[in-house]
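# What the coordinates show
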Amino acid sequence: MTTSGEPVDFGAAVEVLDSARSVTVLCHVQPDADTVGSGLALALVLERRGVPVRVSFAEPAELPTSMASLPGAHLLVAPEQVPREVDVLVAVDCGSAGRLGALADRLAGAGTTVVVDHHRSNTRFGEVNLVDVDAVSTTSVLAALFDAWGVPIDRDVAHCLYAGLVTDTGSFRWVRPGTHRLAERLLATGIDGGEIARTLLDTHPFGWLPMLSRVLATARLEPAVRGGIGLAYAVVRRDDLVGVSPEEAESVIDIVRTTAEAGVAAVFKQSRVTEDRWAVSLRSRDSAPGSGDGVDVAVVATTLGGGGHRFAAGYTAYGRIEDVLAGLLAELG
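Described in the following lines is the structure provided in the data block. (Residues numbered from 1 in each chain as written. Predicted model: local features only at pLDDT ≥ 70, side-chain atom pairs only at ≥ 80, totals over all residues. Heavy atoms only, no water.)

## A word on the packing of aromatic side chains
Within a pair of aromatic rings, the relevant descriptors are the distance that separates the centres and the angle that separates the planes. For clarity, the threshold we go by: Here a pair means two rings of Phe, Tyr or Trp (six-membered ring of Trp) with centres within 6.5 Å. Their orientation is stacked below 30 degrees between planes, edge-to-face above 60, and tilted elsewhere. The helix count covers DSSP runs of H or I at least four residues long, the strand count covers runs of E at least two residues long, and both are numbered beginning at the N terminus. For the exposure calls, accessible area comes from a 1.4 Å probe over protein chains only, and a residue counts as buried if that area is under 20% of its type's maximum, exposed if over 50%, partly exposed in between.
Tallied over the entire structure, the rule returns 2 aromatic pairs. Relative to F172, the ring of Y162 lies with its centre 6.0 Å away and its plane at 50°, an arrangement referred to as tilted. With a gap of 10 residues between them, Y162 in helix α4 (residues 155–168) and F172 in the loop between α4 and α5 (179–187) connect regions that are remote in the sequence. Relative accessible area serves as the criterion here: at 6%, Y162 is assigned to the buried category. Ring centres of Y233 and F268 lie 6.0 Å apart, and the angle between their planes is 85°; on these two criteria the pair is classed as edge-to-face. Of this pair, Y233 sits in strand β9 (residues 231–236) while F268 is found in strand β10 (residues 264–270), placing the two residues 35 residues apart along the sequence.

What follows is the structure, encoded as structure tokens:
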């Protein structure tokens, strides 16, 4: 793999991890299967080498239900149990230190900080930055790291790696050369790829259906955005999530993005705790109405304080929903 045309050097990361005496692995806030799968896969490898290791994320308070069956979940600890000092701290699937949320303060107490990621917007905030923007998921970067390290990928590790691979590729809709080869290799360990995908992507509580009905009723189309490319958006207010977990709101963007008349989709998700805090998910297509090329939403999100991929990104905003929407519209133009 290459990063902006330059080879990715796994040597420095292997050297640090190979000599680590203790490790903290941090996932990003509002974790998805790529960050959790990456964190647990690395933690399992370290645990088997006899290295004390903890995995954590700042929020929400509990691991999303869809990821509860991932191997290595016993290594997850609450944020307050993450030590202030550690030999090596590894941030997985985090484009910036801000994505660590309240756990960003643990960076200061690490002997060495390693960043493993695939986001083009990554700020390289570690001392060792293993960032491959050509990789389809952070778990695929880890698979290459394990190969460089000489670490075998067994069934439990493969399960975690596959979780990130299947979700970040949208069930293999967005792939690159080598993606299916890695999937076949992971499946060869005996994992049930269909069940992993179903659990992560196609299983919701019944309460998800009325929540979806309320949220989709807020959907609006702004056809003039970005010279006619168009924006479709919906709003998830905290009252919509009564009786369902926050992770159920994450699936809304995958429905809004199917709008034929819009090349960009957005979902504004209100915080359960802070009324004026909004998590904004953005999606775009590689070709859009009125344009041969899709909108690079990573650029949009980065300008607004977030980051992500060319066709999938996000950021956090504060204020009234009308003002947050106006900010996005202004940036899209």
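Back to the write-up after that little detour.
## Some remarks on the pattern of salt bridges
Inclusion rule: Any carboxyl oxygen of Asp or Glu within 4 Å of a side-chain nitrogen of Lys or Arg constitutes a salt bridge here.
Counted according to the given criterion, the structure contains 16 salt bridges. Between E275 and R238 there is a salt bridge, with its nearest N and O atoms 3.9 Å apart. Taken together, the residues E275 in the loop between β10 and β11 (277–284) and R238 in the loop between β9 and α9 (247–250) connect sequence positions 37 residues apart. Residues R320 and D323 are paired through a salt bridge, measuring 3.2 Å at the closest nitrogen-oxygen approach. Of the residues examined, R320 reaches a relative accessible area of 52% and is grouped as exposed. Connected via shared salt-bridge partners are R48, D154 and D156.

## Some words on the nonpolar core
When a protein is soluble and globular, its nonpolar side chains tend to lie buried together. Put simply, the rule reads: Only buried residues count toward a nonpolar core, which is a set of Ala, Val, Leu, Ile, Met, Phe, Trp, Tyr and Cys residues joined through side-chain atoms within 4.5 Å. The contact definition used throughout considers only heavy atoms, calling two residues in contact when any of these lie within 4.5 Å.
Among the nonpolar cores identified, the biggest contains 60 residues, and V23, L42, V90, F146, W149, L161 and L186 are the most heavily contacted of them. At 9 residues, the largest contribution of residues to this core is made by helix α2 (residues 33–48). If near-sequence neighbours (up to four positions away) are discounted, L161 is found in contact with A41, T139, L142, A143, F146, I153 and L186. Counting residues in each nonpolar core, the second largest holds 23 residues, with Y233, V280, V300 and A317 among its members.

## Describing the sheet that holds strand β7 (residues 128–131)
The cut-off we apply is this: Whether two strands pair comes down to DSSP finding at least two bridges between them. As a rule, the C-alpha atoms of each element are fitted with a line to give its axis, helices using only the stretch in contact, and angles between N-to-C directions run from 0 to 180 degrees.
Strands sit in the order β4-β3-β5-β6-β7 across an open sheet of 5 strands; the sheet is parallel. The sheet is open, and its two borders are formed by β4 (53–56) and β7, each paired with just one other strand. Recorded for the sheet is a direction-independent mean angle of 15° between the axes of neighbouring strands. Sheet strands touched by α2: β3 (23–26), β4 and β5 (86–92). Its angle to β4, the strand with the most contacts, is close to 170°. Here helix α3 (residues 138–149) sits on the sheet in contact with β6 (110–117) and β7, set at roughly 115° to β6.

None of this, on its own, says anything about what the molecule does.
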